[in-house]
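# Report on the structure
Listed below, chain by chain, are the residues.
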Amino acid sequence: MASFCSFVSSSHSSSTSRDKHDVFISFRGEDTRDGFTSFLYEALNNKAIQAYMDDHQLEKGDEISPTLMNAIEESKISLIIFSENYASSTWCLNELAKIIECQKRNGQIVIPVFYRIDPSIVRKQEEVYAAAFEKLEERFRDDLEKVNQWRKALKHAADLCGLDSNKFRPESKLVQEIVEDISWQLCKYQSSTDVFEKLFGIEERIRKLESSLRMCSDDVQIIGIWGMGGIGKTTLASAIFQKLRHRFEGCCSLWNVREESATHGPDQFRKKLLTELFNDRSIQSLDTPSIVPTYIRKRFRRKKVLIVLDDVDSSIDLEALINGYEDLAPGSRIIVTTKDAHVLKNVTKEIYEVLGLDPSESLDLFHLHAFRMKRPAKEYEMLSEKVANYANGNPLALKVLGSFLHSRPLDEWESALRKLEMVPNKDIQKVLRISYEGLDDMERELFLDIACFFACSSGKFTRQQVESIVDEDSTPKLGISVLNERALVTIVGCKHDNTIRMHNLVQQMGSAMVFDEHREPGKRSRLCMPKDISRVLETSSGTAAIKSISLHVCDLEKDVKMSPKAFSKMSNLQYFQIIRHEDAKFRLLLPDERHGLEFYPSNNLRYFCWDFYPYKSFPPGLIPENLVRLTLKYSQLVEFWNEDKPPPALEKLKHVDLHGSENLTKMPNLSRAINIEYICLAGCASLVQVPSYFKNLDKLRFLDLKDCSNLIIDVEGISGKNLTQLRLGGTKIEAMPSSIGCLSNLLELDLHDCERLKILPTSICKLKSLMNLDLSGCVNLEKFPEILEPMELGSINLRGTRIKELPESSIANLNSLLLLDLRCCENIEFLLNNKCFLRHFDKLVKLDLSNCENLESLRELPPFLQYLNVRFCEKLKSIQEIPPYLTILEANHCKSLETVSSWSTPLVNESDFLRGCSYRFDNCQKLDQNTRNNIIPHVGSLQILSAARSTKEDYGLSMIFCYPGDDVPKYFIGHDHADSEVNSIKIGLPPNWCDANFLGFAFCFVIDLSEVAYEKLFDHTEIECMLNFNDDGGAEYRCKVPVKWYFQCSKLNSDHVLILYDHDLSYKMLQENFSLGANWCSITKASFDFRLGMEYVEGSKYSSFRQSDVWSEHLACHGHRKIIKKCGVWLIYDQKEEEETTRFADEKVHTNTEGDESYLNIISKPTKPL
């Protein structure tokens, strides 16, 4: 996850000031100064390790100097050399106490060395150490507390893992071991500070890559790092190399393999690799480095190595470099970065894809290079966001653009942004173009087709659609795979619905290449820029060079008067689309019907789309024999083409969409479209008859005739061999024929709003593949058919029907039902009184009973129900039992609801949390006190505890409980804002508050939105939280948690309680998002500041987001009434199995009078159950 926190502290606690020295050496001068310690100091210096070694020859007084205190504070590691007389020096003991303090507060690394003394003597404080402390107790008889502190510090340090000099002979080996240990510790330290500095988002990426590396395994592994140019592959490889190199006996990193191999050849690189791994210059004399001699292979087996090969673009080069890797010692790792995933597929299945930075990370990186800081001046904020959006998470682009704009005035920024829209930055394009240069001619053509047509459309094209549209002679299936492997396109989604996407920088690169083809737009191969298209259409300057045109009318900057001969010379036109919305500001001004448009009589056209097509017939000049997809939504078509002539050859046509063509009186003759799979005629209200040839369209899979209000439908006249979706909603159909059972592959049958429909045949049970049946709005349908055979039907929608009963045979044979919609059903009470009705639907997960005016009670509900909606059931008085797996409950505005008799102990699985949880009782004013004060708060605590325990890495999880009331549940530490102007809570934290059982935070609010309901301007509320932590040294750590509880609550007519939890409030996520490292135990205070915002009703004259401070001004005429009246925070702790399920805040909270009185002090970690 992104690092979104800001770090604020006093100067003494910032990482830069703490890290002045690598090592502080604490030693007894008279024991080791002239011998062991001096040798050690010299060895550290020889390794360029900055060690602080004070000369203790003249110890004055008992207190160490401020300089020494600062030196300890400013060191990464403290090395304590315990010798015979160490405990007899108060300076040494004061140093020791300070070192242990820094370890506990800052996580400082401490390494004890027991020099010529048994460690047990130091730990147990025996013999010479006992004698030393006897003298100290006599000397400090008036301050024995100080002596006790020294004892504790000594015991703590001696218990740490250290080195015993008696186990090393000669002493030089001990010195070598200490230097290596410190080097190793510094590598670890550097990986979490210096290496990561200015590398936004790197820690999460390293964590995921480490998981792929499986460092605990002894297998020899190759791991690929793959992604587009400039995305950060080399940076990630470098960071992981720096972090892990100390774990290996040999390391080698070869950077920029692609260029170096092209210049010097792979053999030279192979020699360099072997030389660095074995530190043996004789390898340079090898004549055949690609054939590894036996003696080198034997050396392979004895040395655990880490190898990084950066920017490899050739499988041959890679295999030459790693030849013999299977002989490497167990635990060895090879990391390969590449822009081409195919390079990796012969050597590894473990490929880590580097994704772009998220918006927050992108802004931070851009600000760093543009302003040399994280926060720009306010007037630059919006422009910064535009640049970040343009870069779309690509770190290289963010760095290049940030550096380019650095120190430039505002007007030059605006000019630069306008230029970027037209001309891409050459430094960025140089890197991106490398992947393009490796393509062959066919692959390059396909890339440009996608960049300038398929990816620049507002519609989304799937891989299968592009493969079917592009000429198969161009091998699009293979070509798309190659483009995907080279990170030039991205395939998003599942196998059957995988959309092709392209990074906007890559797309701009493709557009720039086409732009460079010719100065005149009409002589370029592809047109996708509105200005270029406008010019060509107005001047008839198009030529045979043009292959595709893609225009979004909303992007026009003026009305465009199209010439009648605009397309007359475009003999090679293959892909054409004009996309338009009704509210487009500018228009295409077309020739009238009499003159029309003249198209070149070409048969190259494969894709034709024109929204709101203005003519009554299809363009006569176009020859559709190679047409694959035809889309003319909301057209003015009356008759498609001249029906007096033989039907055109349409063997390649697979898709026809004439949605909303209200004037179309006759279907086009598609009798020769034998391969057609998709026909949409929805909203073609003038159609009256289904053509007879429909029964011959054997490959038809999708047929949509909904809202064809005058269409006489003969279902028997529709081919059903491959039909999977049949949509007849809003038509005049009165009865489905028994032959419907022949549609054996049907998955979806939509008959919504068929107001004349009265009968469904029993043969519907023959539809063994049917998953969704929609009968909503069939107001004359009073009887559900008998289902005589088991069906796999998963969803039934009976909204607004008058069905009075479901035959018992139907209920018994619908035992796979998952979703049941009974909204607005008049006879709902009768249905629910049938004892078999809900009991048999034991797999049901979603039940919608909203707006059922006659529903008075809910008795037995399906045991695995996850979603229940009873909104606006105004006569509903009781819910007998809420099942244990329920994650969504919508009981809003049930004004008669009094009781929830029982709520089963939640048994929500981790996978169920992916959808989030919401339990709403808005405006249920008659809820009894037991439900408000006990049942809902208790279930809330159990659900939140389950979510906090979840190991799922789900960043979308949130949980909301809302019910009428004005009391914060007792397990929250509450704060009443009645007399306060600040929506915040401040608490003091007990020692070890974040132990192994701590799981995170949850919040509670009492809100008053009655004024919002009165104003009727707002429809949604948003609450944000800012967390601040303070340690015992005064450092402050601030984080704006990306938690935005966004929910509709504008109609709350009284005080309501909100209990809220989010995955980002879990301890695990807080650890990732706060730069505290190991310092959590040093945190002693916490404050939580809340901000509430309101969103205006869509379409109102304000229609924007309004924060709480402005909201107060808006309500000035109503006395500045506060919205957040109370708030509370819950510190969530896990429990042992034998304990109570929940752990709540102790009611004994008192004001800390010794420090900041605004902080509430928690006396101890609480265990009080609800």
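- An unreviewed UniProt entry annotates the protein as ADP-ribosyl cyclase/cyclic ADP-ribose hydrolase of Rhamnella rubrinervis.

## With respect to the overall build of the protein
- A count of helices and strands for the protein gives 32 helices and 47 strands.
- The proportion of buried residues among the 1170 residues of the protein is 54%.
- Approximately 52,400 Å² of the protein is accessible, and the part contributed by carbon and sulfur atoms is 47%.

## Overview of unusual backbone geometry
- In this structure, P170 follows R169 across a cis peptide bond, with omega equal to -5°.
- If you check the backbone angles, R116 has positive phi at about 55° while not being a glycine.
- Here R116 shows up in the loop between β5 (109–114) and α6 (119–124).
- Phi is positive for D707, which is not a glycine, with a value near 60°.
- Examined against the element boundaries, D707 turns out to sit in the loop between β23 (702–704) and β24 (725–727).
- Taking relative accessible area as the criterion, D707 reaches 40% and is therefore assigned partly exposed.

## Structural notes on the pairing of strand β42 (residues 1055–1062)
- When you tally the buried positions in β42, you get eight out of eight residues, the bulk of the element.
- Of the two faces of β42, the one carrying D1055, V1057, I1059 and Y1061 and the one carrying H1056, L1058, L1060 and D1062 are both buried.
- Note: strand β36 (residues 958–964) against β42, seven bridges, orientation antiparallel. When the sheet's bridge partners are listed, P964 is paired in β42 with H1056.
- Here six bridges tie strand β39 (residues 998–1008) to β42, and the two strands are oriented antiparallel to one another. Paired with F1005 across the strands is L1058, a residue of β42.

## Details of the sheet that holds strand β2 (residues 21–26)
- With parallel pairing, the five strands of this open sheet are ordered in space as β3-β2-β4-β5-β6. Two strands bound the open sheet, and with one partner strand each, they are β3 (51–53) and β6 (163–164).
- Contacts from helix α5 (residues 90–106) reach β2, β4 (75–82) and β5 within the one sheet, and its direction differs from that of β2 by about 140°.
- Along the sheet face, helix α8 (residues 144–158) touches β4 and β5 and points at about 100° away from the line of β4.

## Re the sheet that holds strand β32 (residues 878–882)
- Strand order in the open sheet formed by three strands is β30-β32-β34, with parallel pairing between adjacent strands. Of all strands in the sheet, those with a lone pairing partner are β30 (857–858) and β34 (899–903), marking the two edges.
- Examined bridge by bridge, β32 and β34 share four bridges and lie parallel to one another. Note that in β34 the partner of E881 across the bridge is S902.

## Considering the pattern of salt bridges
- Using the criterion set out here, one finds 48 salt bridges in the structure.
- Where E467 meets R463, a salt bridge forms, and the shortest distance between an N and an O atom there is 2.7 Å. Linking E467 with R463, this pair stays in helix α22 (residues 463–469), spanning four residues, or about one helical turn.
- Exposure remark for R463: the relative accessible area of 15% places this residue in the buried category.
- As a salt-bridge pair, D532 and R524 come within 3.0 Å of each other at their nearest N and O atoms.

## Some remarks on the confidence of the model for the protein
- On average, residues of the protein score 83 in pLDDT, and 83% of them reach the 70 mark or higher.
- Every residue in residues 57–62 is under pLDDT 50, and counting partners more than four places away or in other chains gives 12 contacts.
- This stretch, residues 1162–1170, has a pLDDT under 50; its non-local contacts, to residues over four places away or in other chains, come to 33 contacts.

## Focus on the side chain of R629
- You can see R629 is positioned in strand β20 (residues 629–631).
- Summary of buried charges: R629 has no salt-bridge partner, and the nearest side chain of opposite charge, D657, is 7.0 Å away.
- At a separation of 3.3 Å, a polar atom in the side chain of R629 contacts the side chain of H655.

## Examining the environment of E755
- Within the fold, E755 resides in the loop between β25 (748–750) and β26 (772–774).
- For E755, a relative accessible area of 48% gives the class partly exposed.
- When the C-alpha positions of E755 and E734 are compared, they lie 8.1 Å apart, and in sequence the two are 21 residues distant.
- Other than its neighbours up to four places away in sequence, E755 contacts G777, V779 and N780.

## Observations concerning the packing of helix α16 (residues 359–371) against helix α17 (residues 381–391)
- Interhelical geometry of α16 versus α17 gives an angle of 115° and a closest axis separation of 10 Å. The chirality of how α16 crosses α17 is right-handed. Together, S362, L363, F366, H367 and F371 of α16 and S384, E385, V387 and A388 of α17 make up the contact between the two elements.
- Across the contact of α16 with α17, the residue classes break down as five nonpolar, three polar and one charged.

## Examining the nonpolar core
- With 182 residues, the main nonpolar core has F608, W903 and F921 as its most contacted residues.
- For this core, the leading source of residues is β39, giving nine residues.
- Formed by 104 residues, the second largest nonpolar core is a distinct cluster that contains I334, I428, F454 and C609.

How each quantity is defined
- Residues numbered from 1 in each chain as written.
- Predicted model: local features only at pLDDT ≥ 70, side-chain atom pairs only at ≥ 80, totals over all residues.
- Heavy atoms only, no water.
- Helix = DSSP H or I, 4+ residues; strand = E, 2+ residues; numbered from the N terminus.
- Buried < 20%, exposed > 50% of the residue type's maximum accessible area, 1.4 Å probe, protein only.
- Areas by Shrake-Rupley, 256 points an atom, 1.4 Å probe, with all protein chains shown as cover.
- Pairing = 2+ DSSP bridges.
- Contact = heavy atoms within 4.5 Å.
- Axes fitted to C-alpha atoms, helices over the stretch in contact; angles between N-to-C directions.
- Salt bridge = Lys/Arg side-chain N within 4 Å of Asp/Glu carboxyl O.
- pLDDT = per-residue confidence, 0-100.
- Lys, Arg positive; Asp, Glu negative; His and termini not counted.
- Polar contact = N/O pair within 3.5 Å; in protein donor to acceptor, adjacent residues only side chain to side chain.
- Left-handed = near helix turned anticlockwise from the far one by under 90°.
- Nonpolar A, V, L, I, M, F, W, Y, C, P; charged D, E, K, R; others polar.
- Core = buried A, V, L, I, M, F, W, Y, C linked by side-chain atoms within 4.5 Å.

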